[in-house]
Structures are given as structure tokens and as C-alpha cells.
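Tertiary structure, described
Here is what each chain is made of, one letter per residue.
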Amino acid sequence: MAQIDFKEFYRDIDMLTENILVDTAEAVIRYIESSDVIPVDTHNLKDSTGVGVYRNGTLKKFVMPRKAKEPRIINWVAIWGEDMIDHVLNTGMSNYGNGDHIVLFSSMPYAEDVDSSGRNSGFFTDMLSTEFELILDEIVKLYGKKS
Amino acid sequence: MKLSDINPTGVLKQVLTDYGVTQKIYTGDKPTSGLPDEYIELRQNGGLKTNLTKMGLVQGYVLLSINVKLLTTGGRNTVRENIILSTFDGLFKDGAAVSSDGYVFSLDPGNIVYSGGGIYEGYSTKLINITFRKS
């Protein structure tokens, strides 16, 4: 009997953890959508940003701000979110096989260039990831509130 | 159990077909062009987990995607999306598990991974996690 109760407790904690991860991913996308935080020229960089939630290598949630109607053309190659979802699935086991992860993705090849130099240097790896942590803290606090 | 014996996507495809799903189902054999207006794709999501207290028991996830061509206006065909989705409500009704060929499939509690456009060109997509166990 006690073992059954413990299993239910473990399941509840597991679901709570997952809810926090999913809520955080959605909050990050809302943050990206609601402002001009992503350096924009054509909005394609913003459109191509997604957040994935992994638990032990399994993709449990994927959130994207865009509702794309046209691909981004780079060097005469059309790039769609499909490239990202394949990447998101393929990297799950290899990079995020153990534990819980929230991962910010961009399917645009030039996102790395934007981040590494120029006026928006450090945008993804510094500014947005810091905001990511603040949002996670806020979400955890919300769950910690007693009603 | 041999690793080569583990083929959850193939078995789930058969389960769906037997249940009456009429949409084309791809399990790694999706063509790059000439796709139908509605189709389903099955892919393994993440790795396999073994319960060491029961040697031979393997668990994992299959990511099921339901893809419906966008309307000529560019909008989502939510009517068709809901009709196809309701098929799975029936199959996994009230948390039911479906057994076939040594596998047990059920909907993951937080089953909707993604719903929207922008995943596949010209289609709206729903990504759904289905858990499997094989003994």
C-alpha cells in the first residue's frame, strides 16, 4: 500500500516538474513575441526561434512563435522549420540524454553570426539566456506560492 | 530481446491501420515531394529505457505527427485537423492502452508536443507523444 502511495507521489512530482518546464518554455516564447528583443531586420530570425523541453532525451514540448507562410531564402535555398524539428529530434538523445533540459533553438544559420559579432554580439548566449533563467525563476516562484 | 526486434513505429503503424486510420502513414519513408493533403508520420522520440528489475522490458516514446495541408487562404484546416485527432481520442479513450505484437501503447499524459504551422511547408502539424512498452 505504501509503495503505491509513493508511486503516486513520484508521478505527481514528475508532472509538476514537467509543468514548470513547459510553462517556462511558453513564457520564453511569449517574451520573444511580445517585444523586439530579437534583433530584427526581416523578422525571420525571430520566426525561426524555438524552445524545446527534453526529459531524458525525449522531446516533451516544442514551442515556436511563428506561423510561417513563406520560407526564408538563403543562398537560393528555402529554409523552413522542418530543418529545425529534425535537428531538435536528432539532438535529443545525443545532447540531452540525461536529466531535464530547456533548449533555445534557431533554424537560421546566421543566428550564430548575429550572436558572435557586431552590435548584437552575445544576444543569444548572454542576454536571452539570462532572461531565460529569470523567467524560470519566476515560474518556479509561481508554483511555490501557497493558495 | 534483440535490438533489431524493437520496431515500435512499424507496429504502431499496423495498429493505426487496423483501427481504420485512412491517412498515409510514414515511418521513415516520407518522400520529399508529392505528399498527400493529409498524412501521419511516426518517429522514435529519444532513446530506449530498460527496467533492470525486469530484464527485457523496454520503454520509449513514438512521436506521432498529424499533418494537414493548409487552405488556399493560407489558414489552417481545423475541421480536418479535429476529425483526424478525434480518431486517436477513440483509440486511446480515457487513458486506454492498446496492445499489439508484444507492445503496449498509450498516450503520454502531456501528449501534445506541438500544434501549429511552420514545421512542414504548406501544412499544419500536431506532434503527439505516445509511450510504448515492450516485454
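Criteria and thresholds
Residues numbered from 1 in each chain as written. Chains lettered and ligands numbered in written order. Predicted model: local features only at pLDDT ≥ 70, side-chain atom pairs only at ≥ 80, totals over all residues. Helix = DSSP H or I, 4+ residues; strand = E, 2+ residues; numbered from the N terminus. Buried ≥ 20, exposed ≤ 12 C-beta atoms within 10 Å, placed from the backbone. Contact = placed C-beta atoms within 7 Å. Rg over C-alpha atoms; globule rule 2.2 N^0.38 Å. Pairing = 2+ DSSP bridges. Axes fitted to C-alpha atoms, helices over the stretch in contact; angles between N-to-C directions. pLDDT = per-residue confidence, 0-100. Core = buried A, V, L, I, M, F, W, Y, C linked by C-beta atoms within 7 Å.

Before going further, it helps to spend a moment on the overall build of chain A. Helix and strand counts for chain A stand at five helices and five strands. Ordered by position from the N terminus, the helices and strands of chain A form the series α-α-β-β-β-β-α-β-α-α. Burial statistics for chain A: of 147 residues in total, 28% are counted as buried. Within chain A, counting contacts between residues at least 6 apart in sequence, those at least 24 apart form 65% of the total.

On to the overall build of chain B, then. When helices and strands are tallied, chain B shows two helices and six strands. In sequence order, the secondary structure elements of chain B are arranged as α-β-β-β-α-β-β-β. Taken over C-alpha atoms, the radius of gyration comes to 16 Å for chain B, in line with the 14 Å a tight globule of 135 residues would show. In chain B, 55% of the contacts between residues at least 6 apart in sequence involve partners at least 24 apart.

Residue and element names in this part refer to chain B. With 10 of 12 residues buried, strand β3 (residues 58–69) is to be regarded as a mostly interior element. As paired elements, strand β2 (residues 38–50) and β3 share 10 bridges and run antiparallel to each other. For Gln44, the partnering residue across the bridge sits in β3 and is Val62.

The next subject is unusual backbone geometry. Positioned with a positive phi, Asn56(A) is a non-glycine residue whose angle comes to about 50°. Along the chain, Asn56(A) turns up in the loop between β1 (49–55) and β2 (58–63).

Before going further, it helps to examine the sheet that holds strand β1 (residues 24–26) of chain B. All names here are of chain B. A sheet is described by the order of its strands in space; here six strands give the open sequence β1-β2-β3-β6-β5-β4, paired in mixed fashion. The sheet terminates laterally at β1 and β4 (98–100), the two strands that pair on one side only. Each neighbouring strand pair of the sheet contributes to a mean axis angle of 30°, computed without reference to strand direction. Seen against the sheet, helix α1 (residues 8–19) touches β1, β2, β3, β4, β5 (103–116) and β6 (123–134) and runs at an angle of roughly 140° to β2. Lying on the sheet, helix α2 (residues 78–91) is in contact with β2, β3, β4 and β6; it crosses β3 at an angle near 155°.

All names here are of chain B. Per-residue confidence for chain B averages 87 on the pLDDT scale, and 92% of its residues sit at or above 70. For chain B, the element scoring lowest by mean pLDDT is β5, at 86; β1 scores highest, at 96. Among the prediction metrics, the complex's ipTM stands at 0.84, with pTM recorded as 0.81.

On average, chain A scores 75 in pLDDT, and the residues at 70 or more come to 66%. The secondary-structure element of chain A with the lowest mean pLDDT is helix α2 (residues 44–47) of chain A, recorded at 60, while β2(A) shows the highest, at 91.

A few words now on the sheet that holds strand β5 (residues 100–106) of chain A. All names here are of chain A. Pairing within the open sheet is antiparallel, and its three strands lie in the order β2-β1-β5. Unpaired on one side and paired on the other, β2 and β5 mark the two borders of the sheet. Each strand of the sheet is rotated relative to its neighbour by a mean of 25°, with strand direction disregarded. As paired strands, β1 and β2 are joined by five bridges and run antiparallel to one another. When the sheet's bridge partners are listed, Val53 is paired in β2 with Lys61.

A separate point is the nonpolar core. If you look at the biggest cluster of nonpolar residues, it comprises 39 residues, and the most contacted ones within it are Phe62(A), Val62(B), Leu64(B) and Ile130(B). Per-element accounting of this core gives the leading share, six residues, to β3(B). With residues near it in sequence (within four places) discarded, Phe62(A) still touches Gly50(A), Gly52(A), Val88(A), Val113(B), Tyr114(B) and Leu127(B).

Residue and element names in this part refer to chain A. Residue placement: His87 occurs in helix α3 (residues 81–96). Judged by C-beta crowding, with 14 C-beta atoms within 10 Å, His87 ranks as partly exposed. For the pair His87 and Met127, spaced 40 residues apart in the sequence, the C-alpha separation amounts to 24 Å.

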